[in-house]
Amino acid sequence: MTLAFSSLEQCKRAYAIGCAYKTDDYNQSAVSDWATRCARNHVADLKQLRKFDRTHMFELLSDLPSLYPGGGTWLERRLDDIEAGRARCTVAVSWNGSIVGATIETPKGRRTTKLSTIFVDKRFRRIGIGTSLLRCCRQRWIQTELDEVVMTVNSARLSELLPSAKAIGFHLAATERSRYGVDRHEAILKWQPSSIGG
């Protein structure tokens, strides 16, 4: 059955109904899926990270320490840099204020930056949030006349990200073998204003 919602209020009610079915696994699952599909239609408010969003960022990126050695400490430092204006973070926010996606950019010189992080909550993938975040970044890169943006990606996750990255002009430049341990390779992607689609 396809469900359509004509307003944000309907979406919020669907979410509330989903929360009310916690004792019935079958209904909870069905209504939760229903509410999630509805909520997806009300995501894509992109904004700059605010100081009080820090806890939400840790929740969103809770897998980081398992993916990268020292990932938790790295995120702490990067959020400090964002608050101090030494890095930039753009977040995608759902209708209820939850952060469901984020990019973190770190300058690496006057006209080069590293896209350190792009991440979307698993429940909100494949609906264009990552692409919207990347397009927002690309617009800023063009406006600030950057010469190059570098992004590294765990090779095991490259297939998930590559279509969106290519769509805004990234190309696969190299692979760094065993960067974070045996068989944990990192793909290196680069963007330049002259890139196709960039």
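To be clear, the structure that these remarks concern was listed above.
Predicted model only: the values in this text are computed from it and were never measured.

Mind showing me how you'd approach the overall build of the protein here?
Check the secondary structure of the protein and you find 7 helices and 7 strands. In sequence order, the secondary structure elements of the protein are arranged as α-α-β-α-α-α-β-β-β-α-β-α-β-β. Looking at the protein as a whole, 40% of its 198 residues qualify as buried. By sequence separation, contacts in the protein at least 24 residues apart represent 59% of the contacts at least 6 residues apart. Surface summary for the protein: the accessible area is close to 11,200 Å², and the carbon and sulfur share equals 49%.

How should I be thinking about the pattern of salt bridges in this particular structure?
Two side chains with opposite charge may pair up if their charged atoms get near one another. This structure, assessed with the given rule, holds 10 salt bridges. Ionic pairing is found between D53 and K47, a salt bridge with its closest N-O pair at 3.7 Å. As a salt-bridge pair, E160 and R125 come within 3.9 Å of each other at their nearest N and O atoms. Residue E160 is located in helix α7 (residues 158-167), and its partner R125 is located in the loop between β4 (112-120) and α6 (129-143); the two are separated by 35 residues in the primary sequence. Relative accessible area serves as the criterion here: at 46%, E160 is assigned to the partly exposed category. Assessed through its relative accessible area of 26%, R125 is described here as partly exposed. What you see here is one network of salt bridges that share partners, running through R54, E76, D80 and E83.

Quick question: what am I supposed to make of the packing of α6 against α7 here?
Think of two packed helices as two axes; the pair is described by the angle between the axes and how far apart they sit. Interaxial distance between α6 and α7 falls to 10 Å at its minimum, and their mutual angle equals 35 degrees. With respect to the hand of their crossing, α6 and α7 are arranged in right-handed fashion. On α7, the residues that touch T131, L134 and R138 of α6 are L161, S164, A165 and A167. Grouping the amino acids of the contact of α6 with α7 by side-chain chemistry returns 4 nonpolar, 2 polar and 1 charged.

Thresholds applied
Sequence order sets the numbering: in each chain, residues are counted from 1 along the sequence as written. Local features in this predicted model are restricted to residues whose pLDDT is 70 or higher, and side-chain atom pairs enter the listing and the counts only when it is 80 or higher, whereas totals over whole chains, interfaces and linings include all residues. For the side-chain quantities, the full set of heavy atoms in the structure was used; hydrogens and water were omitted. In this description a helix means any DSSP run of H or I spanning at least four residues, a strand means any run of E spanning at least two, and both kinds are numbered starting from the N terminus. Classification of residues uses two cut-offs on accessible area relative to the type maximum, computed with a 1.4 Å probe and protein chains only: under 20% is buried, over 50% is exposed, and between them is partly exposed. It only takes one pair of heavy atoms within 4.5 Å for two residues to be counted as in contact. The protein chains shown are the only cover counted for residues, whose accessible areas, like all others here, come from Shrake-Rupley with a 1.4 Å probe. In what follows, salt bridge is the name for a side-chain nitrogen of Lys or Arg lying within 4 Å of a carboxyl oxygen of Asp or Glu. Simply put, an axis is a line fit to the C-alpha atoms, just over the touching stretch for a helix, and the angle between two N-to-C directions goes from 0 to 180 degrees. If you view the pair so one helix is near and one far, a crossing is left-handed when the near helix is turned anticlockwise from the far one by less than a right angle, and right-handed when it is turned clockwise. Residue polarity follows a fixed list, in which Ala, Val, Leu, Ile, Met, Phe, Trp, Tyr, Cys and Pro are nonpolar, Asp, Glu, Lys and Arg are charged, and the others, Gly among them, are polar.

Function-wise, these values are silent; they only describe arrangement.
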